[in-house]
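Per-entry structural report
Each chain, written out:
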Amino acid sequence: MTATRREFLKAGTLAGAGLVIWLELPTSAAAQAAPIFEPSAYISITPDNVVRLWITRSEMGQGVRTTLPMMLNEELEADWAQIQYQQAMPGGHFKGIRLRTSGSGSTVGTYSALRKAGATAREMLIAAAAEKWNVPPSTCRAQQGKVIHSPSGRALTYGDLAQSAARQKVPDNPPLKNPKDFRVIGTRVKRTDGAPIVTGQATYGIDVRLPGMLCAVMARCPYLGGRLATFDAAKALATPGVRQVVPIKSGMAPGVAVVADHTWAALQGRDALHIDWDPGPHADFDSDRLLQQMEAALAQPGFFVRNDGDAPKAIQSCPRKLEATYEFPFQAHAPLEPMNCIADVRGNSCEIWVPTQAPERTQSEAARLLGIPEDSVQVHVTLLGGGFGRRLFVDYAVEAVELSRAIGHPVQLLWTRSDDMRFGYFHPNDLERIAGGLDESGRPLAWIQKSVGPDLSVIGLPSEKDLADPKYYFNDGSPWGSFDNPYNFPHLKADFVPLNSPVPTGPWRAVMYPPTVFARESFLDEMAHAAGQDPLEFRLHLLQPGDVLTVGYARIDRSRLLRVLQLAAEKADWKRPLAPTDGRLHGRGIACNVYDQDCYIAQVAEVSVGRQAGDIRVHRVVCAVDCGLVINPAGLEGQAESGIIWGLSATLHGRIDFKNGAAVQENFHDFEVIRMNESPAVETYIVPSEHPPGGFGETAVPPIAPAVANAIFAATGKRIRRLPIAPEKLKA
Amino acid sequence: MSTFTLLVNGEKHRIDADPGIPLLWALRDFLRLTGTKYGCGMGVCGACTVHEDGVPVRSCQIPLSATLGKTYTTIEGISADGTHPCQKAWLEEDVSQCGYCQAGMIMQAAALLRRKPQPTDQDIDSELSDHVCRCGTYQRMRRAIHRAAREVSQT
Ligand code: FES
Ligand code: FES
């Protein structure tokens, strides 16, 4: 259970800046005889001079359709313009090969494997040319899609060589470049799929149109855990354009689907339904009450997370003690393209078009529902209008499959924005209580952190037997951010009290880190101020001597964290006082984090607060990053900007409340996100690194909330301990 | 049911539909112009932005009955070949992440530039802040708008 649970969580994380590919390199015997050159399952080269790369991840904004070809081409030496990409489908060619879009997973192997795929193809192309010219392969080189015979200057294109390359022996260990000779990796490359997006030609799931396709929307049970009692479809069926009304039970909430000729008719039909719901056991569920239970649970002993030294005793001995509790609410993913799926079930087969992060799971769950073999289900992964973890769940696809089976027709099931916001797998709410002690000279001596919150229900909650192991959560590395606290406290204790609720919860960009890092980095700031020290210096001292911390499975290199803190501080002019001229209260705040051992990040936020109104403006965020070798710096900077805006939305606005058993917020007017006018200038600085590449899609999210909260303290002297930040609290 | 003539991207389309159907769904489901996106359905995200007689509007809020005699442009029609200054600048600045919001953003930005060829940052803030980009590409969008403005001023 332990390994799978962590694996699942890691898989649940958002893909990094394209550093997500995982692939093995099956060198098929069939390739030897094939008319086209397919040196591995992932690429083919055809006589028309096209290099095709099957993209084994979903494109959801992180740039996999750009970075994957980059990694391949570093070794392949094709002409960039001749590389085309195609989205891989589960099964067939890719049976047993992982297509799920996952975050910080085995990036080392990934990166190596694509390079090896490119090198293998290159060596075989060279061998083919050498054979043709009857010269030693060592006198030939690959360059820009051609093999060139260096002494004579003769050249053949990859297309010319494709057929004879297919007959060459597959090399076991094709030579790989020395990273100092890279000419693709580490360069700034623009998105390969930008043009169809800006011309409106890109096809997201919602844009797929099949001949004879019908459109459907659903009314879903508004009570968590409720059921459909009865419904009257007469009025809905009388709506022009409506064809059928079908109860659906395979998704996360039971409901009634209205099938129509077009979307608007389906929406009108849905409004005309009369439904009685059986509210079920949680009809009065209320997130404020859950919070009270969580507050009470702060007094309970929790599961072991860390226990270095004897923190409770050490804190007793401290002349200076502090304690504070931090709160983080439920959050929705709200990708801009709402959930949707097209299914076409025909007898014993099924075809699906879906914006998903989990194609294999879509295939297997559809097959299970239909009672047919997986091979009979074809899954086309479209472009995704955002994923952020929500699209790892296949509930919306399975609903569409159930519906298509019921009506015997291809159908697009569209979730409205309100469906999308209210029927999610939310980021769980969370409380963190931290106590700290300073010795006589203001040195931090002890740290005690207790996390209380719902576990991620979707991965299956631990069994009683699991929980009989007091180190269950430690082995799992949970909660992230508290478990892997990088600071060098002589005495450090952390525990976790899981407290479950009926709310479905799942991975949300950065998974467990946002609440724990908000609390940890804010409380460090509190301790630094209590000790009369600069918050940057306070952190730097706590990371000395820059050694490697080993905790559970994690290895944290404190010297890398020191470096990014120093770099962010330097670039932000940390030491130089701000000199505002606009009459507002200005301040800077700093925070940092290590994302799953591989990615080190520090951020400095500059904010101002209105003296009377207490309104908050985030002017500038300086971000320093060491996440190993960077494939595409332009992609990484994009992910930094994106992660900061994501985290800032949760810092200043986002929250989901539950009242009467249902989510309250339902659209972007009551679940607000950062828009252009609130968007800070973001500067990203990358530490050159020879460490293996790490995924970066989520790393920038956790530090922004504490960086902003600490900046607000610097500006106003008011401490933020609850997100999102209420400006009323900052009013004069 | 009524019959409507809808003028979109320089072409006339006859549609038999309920007068209450929002332009957004008429474009997407009847004309198959899917570049215009559904994001919220209540006028608060901007994903569905098109031009009505050159003015940016939220197509999810316009019933077909209100389209009489009006001329519409969608992202598919803003340039013949993807060379509108905003489209070019968007590619140059590598703006898109998931890209789902970008058609609406480009339509709004194009209208801003027509009205105000040299917009300030404040102009951009007030023009674009009714739109949502959940991927947070605002900084690059801002740069792209300034770049497009430079191109417009040079031609
Ligand atoms: S879909 Fe029209 S404004 Fe959001
Ligand atoms: S690029 Fe994804 S919503 Fe804007």
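In this convention, every chain numbers its residues from 1, walking through the sequence in written order. Each chain gets a letter, beginning with A, and each ligand a number, beginning with 1, in the order they are written. Restriction of local features to residues with pLDDT of at least 70 applies here, the model being predicted, together with a cutoff of 80 or more for giving and counting side-chain atom pairs; totals for whole chains, interfaces and linings are based on all residues. Water and hydrogen atoms were dropped before computing side-chain values, which therefore reflect all heavy atoms in the structure.

**Digging into the layout of surface pockets**
Reported here for the largest pocket is a volume of approximately 450 Å³. The method works on a 1 Å grid over the protein atoms by themselves. A cavity is a set of points holding a 1.4 Å probe that cannot get out, a pocket is an open set with protein on both sides within 12 Å along at least five of seven lines, and residues with an atom within 4 Å of a point line them. Around the largest pocket, the lining comprises 21 residues; the ones closest to its centre are A:Ile616, A:Arg617, A:Val618, A:Asn677 and A:Glu678. Residue assignment for the lining of the largest pocket shows that the elements contributing at least two residues are strand E25 (616-626) of chain A together with helix H4 (121-128) and helix H5 (138-154) of chain B. A per-element tally of the lining of the largest pocket places E25(A) first, with 4 residues. Residues were grouped as follows: Ala, Val, Leu, Ile, Met, Phe, Trp, Tyr, Cys and Pro as nonpolar; Asp, Glu, Lys and Arg as charged; and all remaining residues, including Gly, as polar. Residues that form the lining of the largest pocket fall into these classes: 10 nonpolar, 5 polar and 6 charged. Grid points are joined across faces, edges and corners, and a volume is the space filled by probe spheres set on the points. Numbering of helices and strands runs from the N terminus; a helix is a DSSP stretch of H or I covering at least four residues, while a strand is a stretch of E covering at least two.

**Focus: the sheet that holds strand E3 (residues 83-87) of chain A**
Residues and elements named next belong to chain A. Paired strands are those between which DSSP finds at least two bridges. Taken in spatial order, the 3 strands of this open sheet run E1-E2-E3, and their pairing is mixed. Of all the strands in the sheet, the pair left with one neighbour each is strand E1 (43-46) and E3. Neighbouring strand axes in the sheet, compared pairwise and without regard to direction, differ in orientation by 25° on average. Pairing geometry for E1 and strand E2 (residues 50-55), over 4 bridges, is antiparallel. When the sheet's bridge partners are listed, Ser44 is paired in E2 with Arg52. Inter-axis angles, ranging from 0 to 180 degrees, are taken between N-to-C directions of lines fitted to C-alpha atoms, where helices are fitted over the stretch in contact.

**What about the sheet that holds E25(A)?**
All names here are of chain A. Pairing is mixed in the open sheet, where 4 strands are placed in the order E23-E24-E25-E28. Strands with a single pairing partner mark the edges of an open sheet, and in this sheet they are strand E23 (585-595) and strand E28 (681-686). Strand-to-strand twist across the sheet, computed as the mean angle between neighbouring axes with direction ignored, equals 15°. Inspection of the sheet shows E23 paired to strand E24 (residues 599-609) by 11 bridges, in the antiparallel sense. Along E24, the bridge assignment pairs Ala591 with Gln603. Contact definition: two residues touch when any of their heavy atoms are within 4.5 Å. Contacts from helix H18 (residues 558-571) reach E23, E24, E25 and E28, with the element oriented near 30° to E24. On top of the sheet, helix H19 (residues 633-652) reaches E24, E25 and E28; it is set at about 135° to E28, its chief contact.

**A look at the interface of chain B and chain A**
Between chain B and chain A, the residue contacts involve 49 residues of the former and 60 residues of the latter. Taken as a group, B:Gln97, B:Arg134 and B:Tyr138 account for 18% of the area that chain B buries against chain A, more than any other trio of residues on that side. A carboxyl oxygen of Asp or Glu within 4 Å of a side-chain nitrogen of Lys or Arg is what we treat as a salt bridge. With its nearest N and O atoms 3.0 Å apart, the salt bridge here joins B:Arg140 to A:Glu641. Distance and chemistry together define a polar contact, namely a pair of N or O atoms within 3.5 Å, with one atom able to donate a hydrogen and the other to accept it when in protein, and with adjacent residues in sequence counting only for side-chain atoms on both sides. The interface formed by chain B and chain A includes 32 residue pairs in polar contact (both at pLDDT 80 or more). Here's the idea: put two parts together, see how much 1.4 Å probe accessible area each one loses, and the total over both is what we call buried area.

**With respect to the domain arrangement of chain A**
As a measure of interface size, the accessible area lost when the parts come together is often cited. All names here are of chain A. In terms of domains, chain A is made up of domain 1 (5-198), domain 2 (205-281 + 339-414) and domain 3 (309-331 + 426-500 + 511-730). Note that domain bounds follow an automatic or database assignment of domains. Relative to domain 3, the C-alpha centre of domain 2 lies at a distance of 39 Å. Taken residue by residue, the interface counts 5 residues in domain 2 and 6 residues in domain 3. Of the roughly 440 Å² buried at the junction of domain 2 and domain 3 (both faces included), carbon and sulfur atoms supply 77%. Contact with domain 3 buries surface across domain 2, with Leu224, Phe388 and Phe393 losing the most and accounting together for 70% of the total. The tally of links from domain 2 across to domain 3 stands at 0 salt bridges.

**Focus on the nonpolar core**
Core analysis: the largest hydrophobic core is formed by 200 residues, its most contacted members being A:Phe668 and B:Trp90. Contacts of B:Trp90, omitting those with residues within four sequence positions, involve A:Val198, B:Val95, B:Ser96, B:Gln102, B:Met105, B:Ile106, B:Ala109, B:Met141, B:Ala144 and B:Ile145. To form a nonpolar core, buried Ala, Val, Leu, Ile, Met, Phe, Trp, Tyr and Cys residues must be joined to one another through side-chain atoms within 4.5 Å. Relative accessibility thresholds used throughout: buried, under 20% of the residue-type maximum; exposed, over 50%; partly exposed, between the two (1.4 Å probe, protein chains only). One finds A:Ile55, A:Ile126, A:Leu161 and A:Ala165 within the second-largest nonpolar core, a separate group that totals 48 residues.

**Concerning unusual backbone geometry**
Residues and elements named next belong to chain A. Residue Pro545 is reached from Gln544 by a cis peptide bond, and omega for that bond is 5°. Mapped onto the secondary structure, Pro545 falls in the loop between helix H17 (535-542) and strand E21 (548-551). The linkage connecting Leu723 with the following residue, Pro724, adopts the cis geometry, with an omega of -10°. When you line up the elements, Pro724 lands in the segment after helix H20 (704-716). Of note in this structure, Asn49 is not a glycine but carries a positive phi near 70°. Note on Asn49: relative accessible area 27%, which makes it partly exposed. Its identity as a non-glycine residue notwithstanding, Ala510 has a phi of 85°, on the positive side. Among the structural elements, Ala510 can be located in the loop between strand E20 (491-498) and helix H16 (513-530).

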